[in-house]
Amino acid sequence: MSGAVDRPATGPLIVGAMVRTLGAYPSGWRQPGAHADPQTDASILRRVARLAEDADLDYLFFGDWLATGPDLEFRDPYLLARIDPVSAVLYLAGVTEKIGLIATVNSTYADPYATARATASLDLLTGGRGGVNLVTGAEPRAAANHGRDAHADNEARYDRAEEFVRALRLLWESWDDDAWIADRDSGVLIDAERLRTAAFVGTQVRVEGPLNVARPPQAHPPIVHAGTSPRSRALAATEADLALIAAADPASAAATRTELRALAEASGRDPDDLKVIVPVLPVVAETDASARAVVDRLLLLVPIDDGASGHAERPGFPANRSLAAFLDAAGLPADDPARRAAVDDVVAADAAARFAEAGARVLDLVRLRTGRSVGGEHPVTWRHLIAAHAVPANFVVGGPTVIADHFELWRAAGAADGFNVLSAFQQAQFEAFAQLAAPELRRRGLLGRAGATLRERLSLGAPRLAYAPALATR
Ligand SMILES: Cc1cc2nc3c(=O)[nH]c(=O)nc-3n(C[C@H](O)[C@H](O)[C@H](O)COP(=O)(O)O)c2cc1C
């Protein structure tokens with residue numbers, strides 16, 4: 001058993017690209033030259049993969065969402081339409097050589113046999129670069145798309161997820177390494193003794209096996225789990241190799257990481273075998289000032305209810321994108337004179353002085369991220385504040401030094417073993433990260449892990465084989 005559960009990571013961090021081709025920030029696709037059309041995803045996927053491999057990132061990571069609708073246009077436009085994650089990684093398997101490929105699978109709706117088959121195939125086709133992110137899903141509309149009456153509750157979803165992962169491991173172990181004999185002289189193709197069923201019978205998952213795909217090169221491709229609830233933490237601690245957590249600041253991430261590592265240790269694992277990863281959205285440019293200018297454009301292009309654009313009448317337009325909603329959040333009373341401002345007016349010092357803490361915090365964020373300040377050379381408009389308030393983002397904004405300092409600070413705080421890097425828009429912002437920030441990260445020893453397989457790259461322990469040997473028929 002290893003030492004302290006709050007020990008910070010050492011050596012290079014784990015760095016993956018969380019690929020959202022339409023951009024991770026809602027107004028990203030509106031930037032000049034940004035990818036704006038899922039029909040051309042094939043080429044953007046190839047370009048992002050090439051950039052990530054050249055920058056020595058550890059993996060490309062694809063999320064998933066099992067429903068769509070017009071309400072997503074403003075909130076999460078990248079979820080509206082895109083290539084499905086398993087198809088994306090299988091496509092990229094043929095055009096990449098060393099990078100890990102991780103696809104999200106929703107265990108509430110996916111079939112374990114089909115998932116074992118697809119992920120084992122991915123691992124074989126890539127020589128051990130495959131991984132799977134198991135999620136239980138938070139979108140109620142997924143139920144109707146999969147023949148269910150309702151989206152199962154947290155307990156039922158995690159009960160199924162636990163059985164799902166047991167079945168997955170057993171199916172991956174269907175074939176022993178030396179089961180395929182192919183002896184031309186004797187005519188013996190397989191050693192039937194070395195082929196075993198899964199014979200898994202749970203309350204929600206039942207699968208017989210064996211799997212009709214040979215043993216994956218990694219035996220068990222790395223399992224990621226993303227979630228927030230206590231059941232999610234328990235699943236990550238006992239089953240995941242990587243836990244992808246939501247974290248607003250280093251202190252809360254460090255607390256979650258310590259808790260996960262303690263749970264892993266309590267379940268009999270070496271806590272160093274569970275890596276905790278946080279998403280981050282770096283906005284990168286050659287200089288801090290030009291990175292701030294990118295955020296400035298992103299904020300200005302967020303659709304808000306400005307009384308003229310007509311966005312507010314569209315289905316699903318978020319209620320918080322208006323001056324009134326911002327002033328409510330900022331704590332200004334109903335009769336405050338600022339209520340009569342237009343959204344493109346400059347914010348006056350006397351109005352800002354009346355902000356409560358939440359309003360002051362948004363003002364501070366906008367100053368840090370865009371360089372705009374009340375009464376400063378670059379003034380703040382209400383539009384900037386409304387956008388920053390209504391579309392929260394885990395931005396870190398600046399040139400290579402600022403980005404590398406951020407990564408280093410989170411690691412030193414024990415907040416993360418690595419990062420899933422989001423890009424506000426593609427491909428320019430990922431290119432800026434890969435070509436400007438990544439060299440600085442490498443120079444500081446924060447990026448660049450070794451290993452032929454994804455498991456090796458991530459320094460994961462040996463897979464826990466024969467996960468439930470009593471269930472094997474062999
Ligand atoms: C950083 C992060 C990324 C996630 N990515 C996805 C995703 O791509 N698809 C998905 O269905 N859920 C995703 N989730 C949601 C969780 O998997 C989970 O479905 C949701 O949080 C509800 O489960 P919980 O109550 O355990 O949190 C993500 C969660 C986090 C924290």
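For clarity, every value in this text was computed on a predicted model and none was experimentally measured.

A. Representation of the domain arrangement of the protein chain within the structure. Domain annotation of the protein chain identifies domain 1 (14–286 + 395–471) and domain 2 (303–390). One C-alpha centre belongs to domain 1, the other to domain 2; they are set 37 Å apart. Taken together, the contact pairs 8 residues of domain 1 with 10 residues of domain 2. Taken together, both faces of the contact between domain 1 and domain 2 bury some 830 Å²; the carbon and sulfur share is 59%. On the domain 1 side of the contact with domain 2, Phe-74, Phe-395 and Val-397 bury the most area, a combined 58% of that side's loss. Counting every contact that joins domain 1 to domain 2 gives 1 salt bridge. With a closest N to O distance of 2.8 Å, Arg-314 and Glu-73 form a salt bridge.

B. Geometry of the packing of helix H14 (residues 400–412) against helix H15 (residues 428–443). Viewed as axis vectors pointing N to C, H14 and H15 meet at an angle of 55°, and their least axial separation amounts to 8 Å. For the element pair H14 / H15, the angle class is oblique. Crossing geometry of H14 relative to H15 is assigned as right-handed. Counted together, Pro-400, Ile-403, Ala-404 and Phe-407 of H14 and Phe-433, Leu-436, Ala-437, Glu-440 and Leu-441 of H15 form the full contact between these two elements.

C. Representation of the pattern of salt bridges. For the coordinates displayed, the defined rule picks out 35 salt bridges. Two residues, Glu-259 and Arg-233, come together in a salt bridge whose shortest N-O distance is 2.8 Å. Taken as a pair, Glu-259 in helix H8 (residues 250–266) and Arg-233 in helix H7 (residues 230–239) lie far apart in primary sequence, 26 residues in all. Exposure remark for Glu-259: the relative accessible area of 35% places this residue in the partly exposed category. In this structure, the salt-bridge partner of Asp-306 is Arg-383, at a minimum N-O distance of 3.1 Å. Here Asp-306, found in the loop between helix H9 (288–300) and helix H10 (323–330), pairs with Arg-383, found in helix H13 (residues 382–390); they are 77 residues apart in sequence, far enough to count as distant. A network of salt bridges, in which partner residues are shared, links Asp-176, Asp-177, Asp-178, Asp-191, Arg-194, Arg-196 and Arg-215.

D. Spatial organisation of the pairing of strand S2 (residues 59–62). Neither face of S2 is exposed, since Tyr-59 and Phe-61 on one face and Leu-60 and Phe-62 on the opposite face are all buried. Here 3 bridges tie strand S1 (residues 14–18) to S2, and the two strands are oriented parallel to one another. Looking at the pairing, Gly-16 lines up with Tyr-59 of S2. For the crossover that starts at S1, traverses helix H1 (residues 41–54) and ends in the parallel S2, the hand is right-handed. Here S2 pairs with strand S3 (residues 100–106) via 4 bridges, running parallel. Residue pairing across strands places Phe-61 opposite Ile-102, the latter belonging to S3.

E. Representation of a nonpolar patch on the surface in the model. A contiguous nonpolar patch, built from Trp-180, Leu-189 and Ile-190 and spanning about 300 Å² of accessible area, is present on the exposed surface. Relative to the helices and strands, Ile-190 is located in strand S6 (residues 188–190).

F. Just the nonpolar core, in detail. Ranked by internal contacts, the top residues of the largest apolar core, which has 55 residues, are Leu-57, Leu-60, Phe-407 and Phe-433. In terms of residue count, the dominant contributor to this core is H15 (7 residues). For Leu-60, the contacting residues outside a window of four places in its chain are Ala-17, Val-19, Val-48, Ala-49, Ala-52, Leu-92, Ile-99, Gly-100, Leu-101 and Ile-102. Listed in part, the 53 residues of the second largest apolar core include Val-224, Val-347, Ala-390 and Leu-458.

G. Quick peek at the confidence of the model for the protein chain. A residue-level look at the protein chain finds 97% of positions with pLDDT of 70 or above and a mean pLDDT of 95. Per-element averaging of pLDDT across the protein chain places helix H2 (residues 72–75) at the bottom with 94 and S2 at the top with 99. Long-range and interchain partners of residues 468–474, a stretch whose pLDDT sits below 50, account for 15 contacts in this model, where long-range means more than four residues apart.

H. Representation of the environment of Arg-257 within the structure. For Arg-257, the location among the structural elements is in helix H8. A relative accessible area of 1% places Arg-257 in the buried class. Between the C-alpha atom of Arg-257 and that of Ala-161, which follows or precedes it by 96 residues, the distance is 21 Å.

I. Quick peek at the site of the ligand. Near the ligand lie 19 residues; those nearest to it are Asp-64, Tyr-158, Ala-226, Thr-228 and Ser-229. The side chain of Tyr-158 places a nitrogen or oxygen atom 2.6 Å from an oxygen atom of the ligand. One of the side-chain nitrogen or oxygen atoms of Thr-228 is found 2.6 Å away from an oxygen atom of the ligand. Burial of the ligand by the protein amounts to 83% of the accessible area it has alone, namely 610 Å². Across the shell around the ligand, the residue classes tally to 9 nonpolar, 8 polar and 2 charged.

J. Fine view of unusual backbone geometry. The omega torsion of the bond from Gly-209 to Pro-210 falls at -5°, within 30 degrees of zero and hence cis. Note on placement: Pro-210 falls in the loop between strand S8 (206–207) and strand S9 (223–226). Residue Gln-427 follows Gln-426 across a cis peptide bond; omega there is -5°. Within the fold, Gln-427 resides in the loop between strand S13 (418–421) and H15. In this structure, Ser-459 takes a positive phi of about 50° despite not being glycine. Mapping Ser-459 onto the fold places it in the segment after helix H16 (454–457).

Cut-offs applied
Residues numbered from 1 in each chain as written. Predicted model: local features only at pLDDT ≥ 70, side-chain atom pairs only at ≥ 80, totals over all residues. Heavy atoms only, no water. Domains from an automatic or database assignment. Contact = heavy atoms within 4.5 Å. Buried area = accessible area lost by both parts, 1.4 Å probe. Salt bridge = Lys/Arg side-chain N within 4 Å of Asp/Glu carboxyl O. Axes fitted to C-alpha atoms, helices over the stretch in contact; angles between N-to-C directions. Helix = DSSP H or I, 4+ residues; strand = E, 2+ residues; numbered from the N terminus. Parallel < 35°, antiparallel > 145°, perpendicular 65-115°, else oblique. Left-handed = near helix turned anticlockwise from the far one by under 90°. Buried < 20%, exposed > 50% of the residue type's maximum accessible area, 1.4 Å probe, protein only. Pairing = 2+ DSSP bridges. Right-handed = clockwise from strand over helix to strand, strands pointing away. Patch = residues over 30% accessible without salt bridge, like charges linked within 9 Å, V, L, I, M, F, W, Y side chains within 5 Å. Areas by Shrake-Rupley, 256 points an atom, 1.4 Å probe, with all protein chains shown as cover. Core = buried A, V, L, I, M, F, W, Y, C linked by side-chain atoms within 4.5 Å. pLDDT = per-residue confidence, 0-100. Near = heavy atom within 4 Å. Polar contact = N/O pair within 3.5 Å; in protein donor to acceptor, adjacent residues only side chain to side chain. Nonpolar A, V, L, I, M, F, W, Y, C, P; charged D, E, K, R; others polar.

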